[in-house]
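Given next are the chains, with one letter for each unit.
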Amino acid sequence: MLFIPTPTSKLKPILEYYVETVSIRKRSYKTEVYRIKALSSLLGDLVFNEIKPIHVAAYRDKRLATPHPRDSTKTLATSTVKLELMLLSHLFTTAITEWGMEDLINPVEKVRKPKAPPGRTRRLSPAEEKKVLRGAWRHPNKEVYAIIVLALETAMRQGEILSLRWENISWQKRTVLLPLTKNGEPREVPLSKAAYNILRNYMTPLSEGRVFSYTSNGLKSSWRIFVKGLGIDDLHFHDLRHCAISSLLERGLNTIEVA
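Conventions used here
Residues numbered from 1 in each chain as written. Predicted model: local features only at pLDDT ≥ 70, side-chain atom pairs only at ≥ 80, totals over all residues. Heavy atoms only, no water. Salt bridge = Lys/Arg side-chain N within 4 Å of Asp/Glu carboxyl O. Buried < 20%, exposed > 50% of the residue type's maximum accessible area, 1.4 Å probe, protein only. Helix = DSSP H or I, 4+ residues; strand = E, 2+ residues; numbered from the N terminus. Phe/Tyr/Trp six-rings, centres within 6.5 Å; stacked < 30°, edge-to-face > 60°. Pairing = 2+ DSSP bridges. 1 Å grid on protein atoms, 1.4 Å probe; cavity = no way out; pocket = protein on both sides within 12 Å on 5 of 7 lines; lining within 4 Å. Points joined across faces, edges and corners; volume = space filled by probe spheres on them. Expected span 1.5 Å × (residues − 1). Arc of directions from axis to C-beta. Contact = heavy atoms within 4.5 Å. Core = buried A, V, L, I, M, F, W, Y, C linked by side-chain atoms within 4.5 Å.

The next subject is the pattern of salt bridges. The final tally for this structure, using the stated rule, is eight salt bridges. A salt bridge links Arg-157 to Glu-160; its shortest N-O distance comes to 3.0 Å. The exposure class of Arg-157 is partly exposed, given its relative accessible area of 23%. Residue classification places Glu-160 among the buried residues on the basis of a relative accessible area of 6%. Between Arg-187 and Glu-160 there is a salt bridge; the shortest N-O distance is 3.1 Å. Placement of the pair is Arg-187 in strand E5 (residues 187–190) and Glu-160 in helix H7 (residues 158–162), with a sequence separation of 27 residues. For Arg-187, a relative accessible area of 25% translates into the label partly exposed.

What follows is the structure, encoded as structure tokens:
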């Protein structure tokens, strides 16, 4: 029997309905499934239209005090909890605007959201950059060196680099096309001389197919081992993007050109 969400339904089946009808169409589908599991676990037995700001606030505080799954000495990031609350808020908005629950009140709107900590400002020092590049050059997997150079030269994100395909590289224009980026729009990325040489001469160009064999989890694991072996503290792969953006600005490009 087809489930039809109503104001008197419990939250758990409504969340399941949301996954099947809304989340399934999003690029963030897998991530949303994990967020919904947390919401369902703590709030799932509540009747939808009986959820009050006090319930949402209690959920927020409970999650903020939850140990991090990969480091029990830390608690969940405020950004994680904030995204869960945003998802719950969107669920209410969808119910009001699309599921015929016009009289429903969104309790999340009245709850104070966790403040995100200041963004990371970690950059490689010149000595660290040399150390990283030398270490990557000696890495048994040659892809590591190519990936790091591309990150430092183009400011592409990890996922964008790993999704590169040979058929999307224009050797004449010295650009690479990213058909699907974080904001959902295609983007053409110029290749610096170093980035061009890495793809054209260091790697082995093909007519089509993926440039790199690494998966996201595989690179994350390799990166942790690689950085630890170099003895460099608190360096995330994403920090290379920050370094690249700062470098482009220091070379005289304005913010619009960098964007």
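Moving on from the model shown.
In this section: the packing of aromatic side chains. The final tally for this structure, using the stated rule, is ten aromatic pairs. Consider the rings of Trp-137 and Tyr-202, whose centres lie 5.8 Å apart with planes at 35°: the pair is tilted. You can see Trp-137 sitting in helix H5 (residues 126–137) and its partner Tyr-202 sitting in helix H8 (residues 193–202), a full 65 residues away along the chain. Take Trp-137: its relative accessible area is 54%, and that puts it in the exposed class. Ring geometry for Trp-171 against Tyr-196: centres 5.7 Å apart, planes inclined by 85°, an arrangement best described as edge-to-face. In this pair, Trp-171 is assigned in the loop between strand E3 (169–170) and strand E4 (175–178) and Tyr-196 in helix H8, connecting sequence segments 25 residues apart.

What follows is about the sheet that holds E3. Spatial strand order, E3-E4-E5: three strands in an open sheet with antiparallel pairing. The open sheet has two edge strands with one neighbour each: E3 and E5. With two bridges connecting them, E3 and E4 associate as antiparallel partners. Across the sheet, the residue bridging to Ser-170 is Thr-175, located in E4.

Moving on, we get to empty space enclosed by the protein. The final tally for this structure, using the stated rule, is one cavity of 30 Å³ or more. Approximately 40 Å³ is the volume found for the largest cavity. Forming the walls of the largest cavity are Val-144, Ile-147, Ile-148, Leu-219, Ser-222, Trp-223, Phe-226 and Phe-237. Contributions of two or more residues to the lining of the largest cavity are made by helix H6 (142–154) and helix H9 (216–230).

On to helix H3 (residues 53–64). Under the 1.5 Å per step criterion, the end-to-end length of H3 is 16 Å for twelve residues, consistent within 8% with the ideal 16 Å. Turning to H3, its buried residues are Val-56, Ala-57, Tyr-59, Arg-60 and Arg-63. Down the axis of H3, the buried side of the element spans an arc of 155°, and every buried residue falls inside it. Residues Ile-54 and Lys-62 are exposed on H3 and point more than 90 degrees away from its buried face. Packed against the buried residues of H3 are helix H2 (29–43) and helix H4 (78–98).

Looking now at unusual backbone geometry. One non-glycine residue with positive phi stands out, namely Arg-174, at about 55°. Mapped onto the elements, Arg-174 comes out in the loop between E3 and E4. With relative accessibility at 37%, the residue Arg-174 sits in the partly exposed group.

As a further point, take the pairing of strand E2 (residues 71–75). Across the five residues of E2, zero count as buried, placing the element largely on the outside. Pairing of strand E1 (residues 67–68) with E2, which is carried by two bridges, proceeds in the antiparallel orientation. By the bridge assignment, Pro-67 is partnered in E2 with Thr-75. The antiparallel hairpin formed by E1 and E2 contains two residues in its connecting segment.

For the rest of this paragraph, the subject is the nonpolar core. As a rule of thumb, nonpolar side chains are buried together in soluble globular proteins. Ranked by internal contacts, the top residues of the largest apolar core, which has 42 residues, are Ile-148 and Phe-212. Among the secondary structure elements, those contributing two or more residues to this core are H5, H6, H7, E4, H8, H9 and helix H10 (239–250). The leading source of residues in this core is H6, at nine residues. Apart from the residues lying within four places of it in its own chain, the contact partners of Phe-212 are Glu-143, Ala-146, Ile-147, Leu-150, Ile-161, Leu-162, Leu-164 and Met-203. Counting residues in hydrophobic clusters, the runner-up holds 27 residues, among them Val-56, Tyr-59, Met-101 and Val-111.

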